[in-house]
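Residues per chain, in single letters:
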There are 2 protein chains.
Amino acid sequence: MQTKAVLTEKEMPTHWYNIQADLPEPLPPLRHPATKEPTRLPPPLFPEALNEQEFSKERWIEIPEELQDIYRTWRPTLLHRAYRLEKTLDTPARIFFKYEGTSQAGSHKPNTAVAQAYYNKKEGVKRLATETGAGQWGSALAMGCTFFGLECKVYMVKASYYQKPYRRVLMETWGAQVIPSPSEETEIGRKILKDDPDCAGSLGIAISEAVEDAFARDDTRYSLGSVLNHVLLHQTVIGLEAMKQLEKLDVYPDIIVGCIGGGSNFAGTFLPFVKDKIEGRKPDLRIICVEPQACPTVTKGLYAWDYGDVAGMAPIALMYTLGHGFVPPPLHAGGLRYHGMAPIICHLHKLGFVEARAEYQIPVFEAAVKFARSEGIVAAPEAAHAIKVVIDEALKCRESGEKKDILLALSGHGHFDLAAYDEFLSGRLQDYEYPRELVEKALADLPKVD
Amino acid sequence: MQTKAVLTEKEMPTHWYNIQADLPEPLPPLRHPATKEPTRLPPPLFPEALNEQEFSKERWIEIPEELQDIYRTWRPTLLHRAYRLEKTLDTPARIFFKYEGTSQAGSHKPNTAVAQAYYNKKEGVKRLATETGAGQWGSALAMGCTFFGLECKVYMVKASYYQKPYRRVLMETWGAQVIPSPSEETEIGRKILKDDPDCAGSLGIAISEAVEDAFARDDTRYSLGSVLNHVLLHQTVIGLEAMKQLEKLDVYPDIIVGCIGGGSNFAGTFLPFVKDKIEGRKPDLRIICVEPQACPTVTKGLYAWDYGDVAGMAPIALMYTLGHGFVPPPLHAGGLRYHGMAPIICHLHKLGFVEARAEYQIPVFEAAVKFARSEGIVAAPEAAHAIKVVIDEALKCRESGEKKDILLALSGHGHFDLAAYDEFLSGRLQDYEYPRELVEKALADLPKVD
């Protein structure tokens, strides 16, 4: 019984796939947060190469040799067939999953972190600043920076800094400097602490501090772990590998499922496949993104112009949004607590190529435990959202008798998230309804763009 | 640049390698704890198949098809070349490492856990009882049991149960019942708690409780995660894969290095190679096991008959020992805190085929951080002991100019051990001298065997 498809290093992708070459309608441009005019990424914040990638229409963008060497320290990742889950569900569907949890950081985030560190290094940058919530992104960037000899400064949401010390330690082990946000090191941090010395912080505040840090220092650039086009581009190594691995098994998926927070893991997985749907070769391919009921950006948000960050310093994008001022409930899937969504995913959803679904966290953890007891893998709570929908689709196949092939994007392991599993297993996990009033309030405050 | 060797599933070992077929002198038999006569493993504690494997002289023992299917959910594991570490050290040596951290449990332990669950299931056993310290073994067995539909009861050392709740949660996610030891559920537990209600527990006490549990119930057997011959046998999948992977790179190692607690990860790695040394084909092959200075069983212990457990209920083995009553200092490498050592390793050391070295934990963590910043992998503190010696050997090659090929057995990731990294990085980590007086006291109490 073959349970997984293996690629040799020689079969690894040498280029990233850029969906912008194949969109049926071009992506609406970003707008400047102040002037509201079309804009590039703020040039002092991002290196030139990433800015070029952000807007490139080239279909294939070469992965530099030196970076391929770094990818090879953990890639290609495996594509597994979930035989045991199929048996548990008694489904005729075949379930495949592409597992990113075997990277050194335990998630897909290093795919872009090492690329961003590489391009910054190449342009003479000495130091990167970023924000992190629970620490997935911060730890990936810390690893990327240590590989290329860059300093790394991470503004970590204060509540997580104290409640989840282990991610901080992981970043420090890779040599990063981690500081609880809001901090005394930035103007905005000092201002917030003056008003509220006990402020527990938020991702929005941490972003603002990291951006201010990068603006203030010539040797420093800013780095973002999701949402932007160049981030999704780097993540396409996942889907390109998966496609080649499925080909080895003579499989083309009927359904692709992934979770979305900023959207990078899922986009990285499905973008190389969606081209076949856009161009009519695979009209029946279904692409389903899964988000939390408590932060249902695509299923309940507006398709509107909104800031990428809470402070309104980041460019404005046309995307599904719950309003940049919206702060979601304290879900355990911290990576899915973002008010907006990658514009590429929103665009493809608007054009009808991507479906979206929202799930409650208790049934999500039920699905995760079923997966753990079938396949052994204890998944990150983010990825568990996708597992829930895969199980639902496989059970539909049991009803209908259809032998569908399902591809699950499994973004990472949950070894840092066991407190959440503990709450679930002991019956203490609570669920959150969609906070309609908070969203309506936040949506009343969108920027005006003609 | 090829950074790792990949095996397809078809290239996976179909048989375990049994060193007992090729030992130049046979292994001294186990002795019964009460009669001191040669004995098998206590029959009501272990299933027949494992008892057979324990004493078998067959060179190759087939891995049942159903078990190979389970192995395939995470095996074969990768063999990497540590290019970046070599560069950091500026050494002409080539460093390869066989990494077991990508299993669902994050270590090599599932290699035997799933095998033990399989054989117990086959003989109609319904439930396994075991002990665990920090939780590596308990979590692996919990996973093994969930794969084969067995109940799993884990007696977890009470101090760890409360200080390291995440490993407990991992076991519970896989469906195991975990209880702090000493507990009210066994006679020995009740006795200890009566004398000392605040007793923090020890591995020795937990073993005694698990053994009592298994003796007391017809449907239950006991399971041990290291030391015994059948455990080492199951772990030889590591070395067999590594050998094939190195062959693909046209490499035969000059030095093999691994950490030893009970010895199973390291033995699993080197046993398939040591045959070449025993039979004179590779007389210069060096095999180095690494232990903590604070628990230096092979480097400072006696080669003597001693009980495998603290309570004196387990069989007596001829091995290096610090005395079954010895309780080592609270090292972070919890997996290396055992008073004895796998008899197979001791025997091969006595015969001159294996060297041993003891290391302090502070330089061990220094080496681990260097490794993390070179290769990205944050290793388990146990494995870090081996990293320390690999770095030392590679630096010797820099001095001598020798281009040696070094194989490192890397038993697992350290994502559950970040508190230890935190202590090290913040300068709070303390070191422990060899506790000579405690050892001398413990060695005065060895069982008498003719």
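Enquirer: What am I meant to see in the overall build of chain A here?
Expert: Check the secondary structure of chain A and you find 17 helices and 15 strands. For a compact globule of 450 residues, the expected C-alpha radius of gyration is about 22 Å, and chain A comes in at 20 Å, within 12% of that figure. Taken along the three principal axes of its C-alpha coordinates, chain A extends 60 × 50 × 45 Å. Going through the 450 residues of chain A one by one, you find that 68% of them count as buried. Considering only contacts in chain A between residues 6 or more positions apart, those separated by 24 or more positions represent 77%. Of the roughly 15600 Å² of accessible surface on chain A, 50% is carried by carbon and sulfur atoms. Averaging the coordinates of the 51 positive side-chain charges in chain A and doing the same for the 60 negative ones gives two points 3 Å apart.

Enquirer: So what exactly am I meant to see when it comes to the pattern of salt bridges here?
Expert: Side chains that differ in charge, positive against negative, can pair when their charged atoms come close. Residues and elements named next belong to chain A. Taken as a whole and judged by the stated rule, the model has 52 salt bridges over all chains. Lys-404 is the salt-bridge partner of Glu-402, the closest N and O atoms lying 3.7 Å from each other. Three or more residues are tied together by salt bridges with common partners; here these are Arg-286, Glu-355, Arg-357, Glu-393 and Lys-396.

Enquirer: In this structure, what is going on with the relation of the copies chain B and chain A? I would like to understand it.
Expert: Superposition of the two copies of the chain requires a rotation about an axis together with a shift along that axis. Each copy superposes on the other: chain B lies on chain A with an RMSD of 0.0 Å after a rotation of 180 degrees and an axial shift of 0.0 Å. The symmetry that links the two subunits is that of a two-fold axis. Of the C-alpha atoms belonging to chain B, the one lying closest to the rotation axis is found on Thr-102 of chain B, 2.8 Å away. When the interface residues of chain B are mapped onto chain A, 100% of them again lie at the interface, so the same face is used by both copies.

Enquirer: Even after reading the chapter, I still don't get the layout of surface pockets, so can you show me in this structure?
Expert: Within this model, the second largest pocket holds a volume of roughly 430 Å³. Lining the second largest pocket are 23 residues; nearest its centre among them are Val-6, Leu-7 and Thr-8 of chain A together with Val-6 and Thr-8 of chain B. For the lining of the second largest pocket, the secondary structure elements donating two or more residues are strand S1 (4-5) of chain A together with strand S1 (4-5) of chain B. Here the lining of the second largest pocket is built from residues that sort into seven nonpolar, four polar and 12 charged.

Enquirer: Can you walk me through the sheet that holds S1 of chain B in this structure?
Expert: Pairing between the strands of a sheet is mediated by backbone hydrogen bonds and can be parallel or antiparallel. All names here are of chain B. Spatially, the seven strands line up as an open sheet ordered S1-S4-S5-S15-S10-S11-S14, and their pairing is mixed. Strands at the two margins of the open sheet, each flanked by one partner only, are S1 and strand S14 (355-359). Note: strand S5 (residues 94-99) against strand S15 (residues 405-410), six bridges, orientation parallel. Bridge pairing in S15 places Arg-94 opposite Asp-405. Each of S1, strand S4 (79-81), S5 and S15 is contacted by helix H10 (residues 229-248), which is oriented at about 140 degrees to S5, the strand it contacts most.

Enquirer: In this structure, what is going on with empty space enclosed by the protein? I would like to understand it.
Expert: Empty pockets left among the atoms are what a rolling probe the size of a water molecule brings to light. Per the stated rule, a full pass over the model turns up four cavities of 30 Å³ or more. Lining of the largest cavity is provided by 37 residues; of these, Leu-78 and Thr-102 of chain A together with Leu-78, Thr-102 and Ser-103 of chain B occupy positions nearest its centre.

Enquirer: Honestly, the domain arrangement of chain A in this entry has me stumped. Any pointers?
Expert: The figure often quoted for interface size is the accessible area lost as the parts come together. Residues and elements named next belong to chain A. When cut into domains, chain A gives domain 1 (22-65 + 110-222) and domain 2 (74-106 + 228-443). The C-alpha centroid of domain 2 is placed 23 Å from the C-alpha centroid of domain 1. Summed over both sides, the interface between domain 1 and domain 2 buries roughly 3500 Å², with carbon and sulfur atoms accounting for 70% of that surface. The interface formed by domain 1 and domain 2 includes zero salt bridges. Seen at the junction of domain 1 and domain 2, the total is nine residue pairs in polar contact (both at pLDDT 80 or more). Put simply, the parts of the chain that give the side of domain 1 that touches domain 2 at least two residues each are helix H1 (48-55), strand S3 (60-62), helix H4 (110-122), helix H5 (136-148), helix H7 (165-173) and helix H9 (203-216). Ranked by residue count, the leading element in the side of domain 1 that touches domain 2 is H4, at seven residues. Across the side of domain 1 that touches domain 2, the residue classes tally to 26 nonpolar, nine polar and seven charged.

Enquirer: I'm lost on the sheet that holds strand S11 (residues 286-292) of chain A in this one. Help?
Expert: Residue and element names in this part refer to chain A. Within the open sheet, the seven strands sit side by side as S1-S4-S5-S15-S10-S11-S14. Their pairing is mixed. At either end of the open sheet lies a strand with only one pairing partner, and these are S1 and strand S14 (355-359). Relative to strand S4 (residues 79-81), S1 is paired through two bridges, and the arrangement is antiparallel. Across the sheet, residue Ala-5 finds its bridge partner in S4, namely Leu-79.

Enquirer: Looking at this structure, I do not really get the packing of H4 of chain A against helix H10 (residues 229-248) of chain A. What am I missing?
Expert: Relative placement of two packed helices is described by the angle separating their axes and the distance separating the axes. Residues and elements named next belong to chain A. Contact geometry for H4 and H10: axes closest at 8 Å, N-to-C directions at 125 degrees. When the interaxial angle is binned, H4 and H10 end up oblique. Read as a crossing pair, H4 and H10 show a hand that is right-handed. Packed against H4, whose contacting residues are Asn-111, Thr-112, Ala-115, Gln-116 and Tyr-119, the element H10 presents His-230, Val-231, His-234, Gln-235, Val-237 and Ile-238 at the interface.

Enquirer: Looking at this model, I keep getting lost on the interface of chain B and chain A. Mind explaining?
Expert: Opposite the 47 residues of chain B that make contact, chain A presents 47 residues. Between chain B and chain A lies a buried interface of about 4000 Å² when both sides are counted; carbon and sulfur atoms form 58% of it. Looking at the side of chain B facing chain A, the largest losses of area belong to Thr-173, Arg-373 and His-415 of chain B, adding up to 15% of the total buried there. Where chain B packs against chain A, one counts four salt bridges. Among the salt bridges present, the one from Asp-422 of chain B reaches Arg-168 of chain A, with a minimum N-O distance of 3.4 Å. Joining chain B to chain A, the criterion identifies 24 residue pairs in polar contact (both at pLDDT 80 or more). Of all the elements in the fold, those that place two or more residues in the side of chain B that touches chain A are helix H2 (65-71), helix H5 (136-148), helix H7 (165-173), helix H14 (361-375) and helix H16 (418-425) of chain B. The element that contributes the greatest number of residues to the side of chain B that touches chain A is H7 of chain B, accounting for six residues. In the side of chain B that touches chain A, the residues fall into 22 nonpolar, 14 polar and 11 charged.

Enquirer: Would you explain the side chain of Asn-120 of chain B in this entry?
Expert: Residues and elements named next belong to chain B. Relative to the helices and strands, Asn-120 is located in helix H4 (residues 110-122). For Asn-120, the side chain forms a polar contact with the main-chain oxygen of Gln-116, separated by 2.8 Å. Aside from chain neighbours lying at most four places away, what touches Asn-120 is Pro-47, Leu-50, Val-125, Leu-128, Leu-150 and Arg-221.

Thresholds applied
Residues numbered from 1 in each chain as written. Chains lettered and ligands numbered in written order. Predicted model: local features only at pLDDT ≥ 70, side-chain atom pairs only at ≥ 80, totals over all residues. Heavy atoms only, no water. Helix = DSSP H or I, 4+ residues; strand = E, 2+ residues; numbered from the N terminus. Rg over C-alpha atoms; globule rule 2.2 N^0.38 Å. Buried < 20%, exposed > 50% of the residue type's maximum accessible area, 1.4 Å probe, protein only. Contact = heavy atoms within 4.5 Å. Areas by Shrake-Rupley, 256 points an atom, 1.4 Å probe, with all protein chains shown as cover. Lys, Arg positive; Asp, Glu negative; His and termini not counted. Charge placed at Lys NZ, Arg CZ, Asp CG, Glu CD. Salt bridge = Lys/Arg side-chain N within 4 Å of Asp/Glu carboxyl O. Least-squares fit on C-alpha atoms with pLDDT ≥ 70 in both. 1 Å grid on protein atoms, 1.4 Å probe; cavity = no way out; pocket = protein on both sides within 12 Å on 5 of 7 lines; lining within 4 Å. Points joined across faces, edges and corners; volume = space filled by probe spheres on them. Nonpolar A, V, L, I, M, F, W, Y, C, P; charged D, E, K, R; others polar. Pairing = 2+ DSSP bridges. Axes fitted to C-alpha atoms, helices over the stretch in contact; angles between N-to-C directions. Domains from an automatic or database assignment. Buried area = accessible area lost by both parts, 1.4 Å probe. Polar contact = N/O pair within 3.5 Å; in protein donor to acceptor, adjacent residues only side chain to side chain. Parallel < 35°, antiparallel > 145°, perpendicular 65-115°, else oblique. Left-handed = near helix turned anticlockwise from the far one by under 90°.

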